[in-house]
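Residues per chain are reported as follows:
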Amino acid sequence: MSIDKVEVTNSQGNLLTLSLEDISNGYVVQDIGGLDPVKASIVTSNFATMDGQQYQASSRETRNITISLGYSPNVSINQTIRALRSRLYQYFMPESEVFLSFYMDDGLVVNISGRVESCGAPLFVKEPTSDISIICF
């Protein structure tokens, strides 16, 4: 099972589709991280009359989804790297809420919401990329 595409919906309801196969929208998905099960924080207690510890409670920590994107501009339709970067900011402005839908090749769709922690897109590099971090509570 693998991911075919990711749909990103911003707080205004606008939709950005990031396909892992089709780069016609100008974005190349290089990596998506943070999709494995998150770590659990487990609380235990020691008791004087028992060896070891006794389980008390547990909770899962926040998820940090990271997305690394490359650019594939189409100059014939005036699609520049600058325009692609500006479009990304409409969806991944720090502090903004986003809703992510992951589409798997077997038909499964997984949804999660979070807040954008950062959207780094260095301007003066030979191979421009964007690194996005989304914290999901």
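Criteria and thresholds
- Residues numbered from 1 in each chain as written.
- Predicted model: local features only at pLDDT ≥ 70, side-chain atom pairs only at ≥ 80, totals over all residues.
- Heavy atoms only, no water.
- Helix = DSSP H or I, 4+ residues; strand = E, 2+ residues; numbered from the N terminus.
- Polar contact = N/O pair within 3.5 Å; in protein donor to acceptor, adjacent residues only side chain to side chain.
- Contact = heavy atoms within 4.5 Å.
- Buried < 20%, exposed > 50% of the residue type's maximum accessible area, 1.4 Å probe, protein only.
- Pairing = 2+ DSSP bridges.
- Arc of directions from axis to C-beta.
- Core = buried A, V, L, I, M, F, W, Y, C linked by side-chain atoms within 4.5 Å.

Engineer: Talk me through the side chain of Arg 63; I want residue IDs and the actual numbers.
Structural biologist: Assignment of secondary structure puts Arg 63 in strand β6 (residues 63-71). Engagement of the side chain of Arg 63 in a polar contact is seen with the backbone oxygen of Gly 34, the distance being 2.9 Å. In this structure, Arg 63 is in contact with Gly 34, Leu 35, Asp 36, Pro 37, Val 38, Ile 112, Ile 134, Ile 135 and Cys 136, ignoring residues within four places of it in sequence.

Engineer: Please provide a residue-by-residue account of the pairing of β6, values included.
Structural biologist: Counting buried positions over the nine residues of β6 gives seven, a clear majority of the element. When strand β3 (residues 27-33) meets β6, the two strands line up antiparallel, connected through six bridges. Bridge pairing in β6 links Val 28 to Gly 70. Strand direction decides the pairing type here: β6 and strand β9 (residues 129-136), joined by eight bridges, are antiparallel. Looking across to β9, one finds that Leu 69 is bridged to Ser 130.

Engineer: Describe the pairing of strand β1 (residues 3-10), and please don't skip the residues or the numbers.
Structural biologist: When β1 meets strand β7 (residues 97-104), the two strands line up antiparallel, connected through seven bridges. The partner of Val 6 across the bridge, within β7, is Phe 102. As judged from the five bridges shared by β1 and strand β2 (residues 15-19), these two strands associate in the antiparallel manner. Bridging across to β2, Lys 5 finds its partner in Ser 19. Counting the residues in the hairpin turn of β1 and β2 gives four residues, including Gly 13, whose phi is positive at 90°.

Engineer: Any details on helix α1 (residues 81-91)? Residues and values, ideally.
Structural biologist: Every buried residue belonging to α1 is among Leu 84, Arg 85, Leu 88 and Tyr 91, and all of these are buried. Along the axis of α1, the buried residues cluster in a sector spanning 110°; they form a single face.

Engineer: Explain the nonpolar core to me, using residue names and the numbers behind them.
Structural biologist: Ranked by internal contacts, the top residues of the largest apolar core, which has 26 residues, are Val 8, Phe 92 and Ile 134. Listed by contribution, the elements that provide at least two residues to this core are β1, β2, β3, β6, α1, β7, β8 (109-120) and β9. Residues within four places of Phe 92 in sequence aside, it is in contact with Val 8, Leu 16, Val 116, Cys 119, Ile 132 and Ile 134.

Without other data, these values stay purely geometric and don't point to any function.
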